[in-house]
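Breakdown of the fold
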Amino acid sequence: TSPYQFYQFWINTEDREAERYLNLFTFLPLDDISNTLTEHARDPGKRVAQRLLARDVTTRVHGETAAAEAIRTSEALFAGRGWIGSERGGQAVPDMPTREVSRSKLGSQVSVVDLLVASGLATSKADARRGIQGRGFYINDEPIEAIDLQLDDEQLKGPPENRFVILRKGKKNYVRVVLR
């Protein structure tokens, strides 16, 4: 399991399990856990308990550097930015799930519907079309509005030999699709 996936497992812990997991899987002082749970109860949406749990366990298993990278990746992705830095110049967030797709498999015109299926975000072309109509898919953080959208060079990022797009389904499912 990558540090990012490991961190995400713990961050997605349900509120009712967070206290138990903090006591079982961390070596944090009980006072720290109690204070964290009190803070969490005031605003559960901030997920303070889950963040402490995820950071602590990921650091112990994968190390401080990997944990910091997982946290940075999560913050960038879930703040609606699949990019590092202020502009989308071409560097995707590290540790993002990636799928390589052959350009020859997609043909000369890269259809967004075909790309969604190839990425695994859509189970079929019909699923991709329904998702686009429901405004549930994004390309490079912009909603996909047209079913017949064909990708052009402006939407592809990265160096010529390693061009990619970032696709998103809903709020949490990201995939960097590298076209080879």
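Owing to the predicted nature of the structure, the values given are computational and were not obtained by experimental measurement.

1. Some remarks on unusual backbone geometry
One non-glycine residue, Arg-135, lies in the positive phi region at around 60°. Within the secondary structure layout, Arg-135 lies in the loop between α8 (125-133) and β3 (137-139). Arg-135 sits in the partly exposed class, given a relative accessible area of 44%.

2. Let's talk about the confidence of the model for the protein chain
Looking at the protein chain as a whole, its pLDDT mean stands at 84, while 83% of the residues score no less than 70. Across the protein chain, element-level confidence peaks in helix α4 (residues 48-62) with a mean pLDDT of 96 and bottoms out in helix α6 (residues 103-106) with 64. When the criterion is pLDDT under 50, residues 83-90 qualifies, and its contacts beyond four places in sequence or with other chains add up to 23 contacts.

3. Describing the nonpolar core
Grouped together as the largest cluster of nonpolar side chains are 21 residues, with contacts concentrated most on Leu-115, Leu-116, Val-165, Leu-167 and Val-177. Elements represented by at least two residues in this core include exactly α7 (112-119), α8, β3, β6 (163-169) and β7 (173-179). By size, the runner-up hydrophobic cluster in this structure holds 16 residues, among which are Phe-6, Ala-18, Leu-37 and Leu-52.

4. Regarding α8
All of the buried residues in α8 are Asp-127, Ala-128, Gly-131 and Ile-132. End-on view of α8: buried residues confined to an arc of 135°, all on one side of the axis. Among the exposed residues of α8, those pointing more than 90 degrees away from its buried face are Arg-130 and Gln-133. Tucked inside the fold, the buried residues of α8 contact α7 and β3.

5. Some details on the side chain of Thr-73
Within the fold, Thr-73 resides in helix α5 (residues 64-78). Take Thr-73: its relative accessible area is 0%, and that puts it in the buried class. Polar contacts involving the side chain of Thr-73 include one to the main-chain carbonyl oxygen of Glu-69, which spans 2.8 Å.

6. Some thoughts on the environment of Glu-145
Relative to the elements of secondary structure, Glu-145 occurs in the loop between β4 (142-143) and β5 (150-151). It is 6.3 Å that separates the C-alpha atoms of Glu-145 and Ile-132, two residues lying 13 residues apart in sequence. Apart from residues no more than four positions distant in its own chain, Glu-145 is found in contact with Ile-132 and Arg-135.

7. Quick notes on the sheet that holds β7
Ordered in space as β1-β7-β6-β3-β4, the five strands form an open sheet in which the pairing is mixed. The outermost strands of the open sheet, each flanked by one partner alone, are β1 (98-101) and β4. Bridge count for β3 against β6 is three bridges, and the pairing is antiparallel. Note that in β6 the partner of Tyr-138 across the bridge is Arg-168.

Analysis parameters
Here the residue numbering is sequential within each chain, running from 1 through the sequence in written order. Note on the predicted model: pLDDT of at least 70 is required for a residue's local features to be given, and 80 or more for side-chain atom pairs to be given and counted; whole-chain, interface and lining totals, by contrast, use all residues. Side-chain numbers come from the whole structure's heavy atoms, not from hydrogens or water. A helix here means a DSSP run of H or I that spans at least four residues, while a strand means a run of E at least two residues long, and both kinds are numbered starting from the N terminus. A 1.4 Å probe rolled over the protein chains alone gives each residue an accessible area, and that area as a share of the maximum for its type sets the label: buried under 20%, exposed over 50%, partly exposed in between. By definition, pLDDT measures how confident the predictor is in each residue, and it falls between 0 and 100. Two residues form a contact once any of their heavy atoms are found within 4.5 Å. For this analysis, a nonpolar core means a set of buried residues of the types Ala, Val, Leu, Ile, Met, Phe, Trp, Tyr and Cys, connected via side-chain atoms within 4.5 Å. Arc definition: it is the arc formed by the directions from the helix axis to the C-beta atoms. Polar contacts, as used here, are pairs of N or O atoms within 3.5 Å; protein pairs need one atom able to donate a hydrogen and one able to accept it. Residues neighboring in sequence count only if both atoms are side-chain atoms. Strand pairing is assigned whenever DSSP identifies at least 2 bridges connecting the two strands.

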